[in-house]
Amino acid sequence: MLLRDAALDLLLGSACVGCGEPGRLLCTRCRGELPATAVPARPDPCPPGLVDCWAAGDYDAVLRALVLGHKERGLHALRVPLRDLLLTALGPCLDRVRTGGAEGLVLVPVPSRASTVRARGHDPTWTMTRGAAATAARGGLPVGAARLLRLRPGVLDQAGLDTAARAANLSGSMTCPSPALRRLAATRPRVQVVVCDDVVTTGSTLREAQRALEAVGLVVAGSAVVAATRRRRPPAAGPASPRG
């Protein structure tokens, strides 16, 4: 698979999504500058009750180019660095498994609308989530991935919605179908789950995913994303300046 991607890069005359250097979609220098340690990614304001969220870094520069290149431009070879970045964000959760704090983890991707997946021709969040789980499992950790969540009809695209509109759009929008639960209960009855996504902005999507999973009795150990947008509260209004 990697050899095929490299051959396609050469044939199509690609360039690095980070710096524009001709050659691979992610050059050696830009790859070497990717984050290697997870950072807390708590939105501000944060949805009440949201579990700890971790990211590889800010949604900016190379990380933003990787996410958009894979998701919107169909640059499938970028699934490898995105998988690795998600693994970085998963570091604190994986450490719990290594130290015995959890018997195992199931990585659950945030679901995409079926129409969006059809338009793109692939499901980028599932691709990187499944890849991260497979890599962790090859390293000897009890980690798997499962599409446990489904979107109810009528959910709008989140792009362009403010915090309140995102929360309203997603409220009650996700379900966890019983067949998926039965399969999980039969194979890994005491496992914990981690919600995975590419980017966190307001936290509304992660909170809704957490709600749907907890509603059917699953333990959500945390959430992990490739990148987090920088969101700050507006400055508080100070006392009015005297006139004159």
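As the structure is a prediction and not an experimental result, all values here were calculated from the model. (Residues numbered from 1 in each chain as written. Predicted model: local features only at pLDDT ≥ 70, side-chain atom pairs only at ≥ 80, totals over all residues. Heavy atoms only, no water.)

## Some thoughts on the confidence of the model for the chain
Low pLDDT marks stretches whose predicted atomic positions should not be read closely.
And then number 1: Chain-level pLDDT for the chain is 83 on average; 80% of the residues reach the 70-or-more range.
And then number 2: Across residues 232–244, confidence stays below pLDDT 50; counting only partners more than four residues off in sequence or on other chains, it has 3 contacts. (pLDDT = per-residue confidence, 0-100. Contact = heavy atoms within 4.5 Å.)

## Quick look at the packing of helix α4 (residues 79–89) against helix α7 (residues 124–138)
And then number 1: Where α4 contacts α7, the axes come no closer than 8 Å and their chain directions differ by 65 degrees. When the interaxial angle is binned, α4 and α7 end up roughly perpendicular. Taken as a pair, α4 and α7 cross one another with a handedness that is right-handed. Taken together, the residues of α7 that come into contact with α4 (itself represented by R79, L82, R83, L86 and L87) are T127, M128, T129, G131, A132, T135, A136 and R138.
And then number 2: A class-by-class count of the residues in the contact of α4 with α7 yields 6 nonpolar, 4 polar and 3 charged. (Axes fitted to C-alpha atoms, helices over the stretch in contact; angles between N-to-C directions. Helix = DSSP H or I, 4+ residues; strand = E, 2+ residues; numbered from the N terminus. Parallel < 35°, antiparallel > 145°, perpendicular 65-115°, else oblique. Left-handed = near helix turned anticlockwise from the far one by under 90°. Nonpolar A, V, L, I, M, F, W, Y, C, P; charged D, E, K, R; others polar.)

## Observations concerning the state of the cysteines
Structurally, a disulfide amounts to a covalent bond that connects the sulfur atoms of two cysteines.
And then number 1: Evaluated as defined, the whole model comprises 0 disulfides.
And then number 2: Just so you know, C27 is unpaired, no disulfide at all, and the nearest cysteine sulfur is the one on C30, 3.6 Å from it.
And then number 3: Judged by relative accessible area, which is 7%, C27 ranks as buried.
And then number 4: Distance from the sulfur of C196, which forms no disulfide, to the nearest cysteine sulfur (C93) is 8.1 Å. (Disulfide = S-S within 2.5 Å. Buried < 20%, exposed > 50% of the residue type's maximum accessible area, 1.4 Å probe, protein only.)

## Re the sheet that holds strand β2 (residues 53–58)
And then number 1: The strand order β1-β2-β8-β7-β3-β4 describes an open sheet built from 6 strands, whose pairing is mixed. Of all strands in the sheet, those with a lone pairing partner are β1 (39–40) and β4 (143–145), marking the two edges.
And then number 2: Of the pairings in the sheet, the one linking β2 to strand β8 (residues 220–228) comprises 5 bridges and is parallel in character. Residue pairing across strands places G57 opposite A227, the latter belonging to β8. (Pairing = 2+ DSSP bridges.)

## With respect to the pattern of salt bridges
And then number 1: Applying the stated criterion across every chain yields a total of 8 salt bridges.
And then number 2: Across the pair K71 and D198 runs a salt bridge whose closest N-O atoms are separated by 2.8 Å. Note that K71 is positioned in helix α3 (residues 61–71) and D198 in strand β7 (residues 192–200), a separation of 127 residues in sequence. For the pair formed by K71 and D198, the shared burial category is buried. (Salt bridge = Lys/Arg side-chain N within 4 Å of Asp/Glu carboxyl O.)

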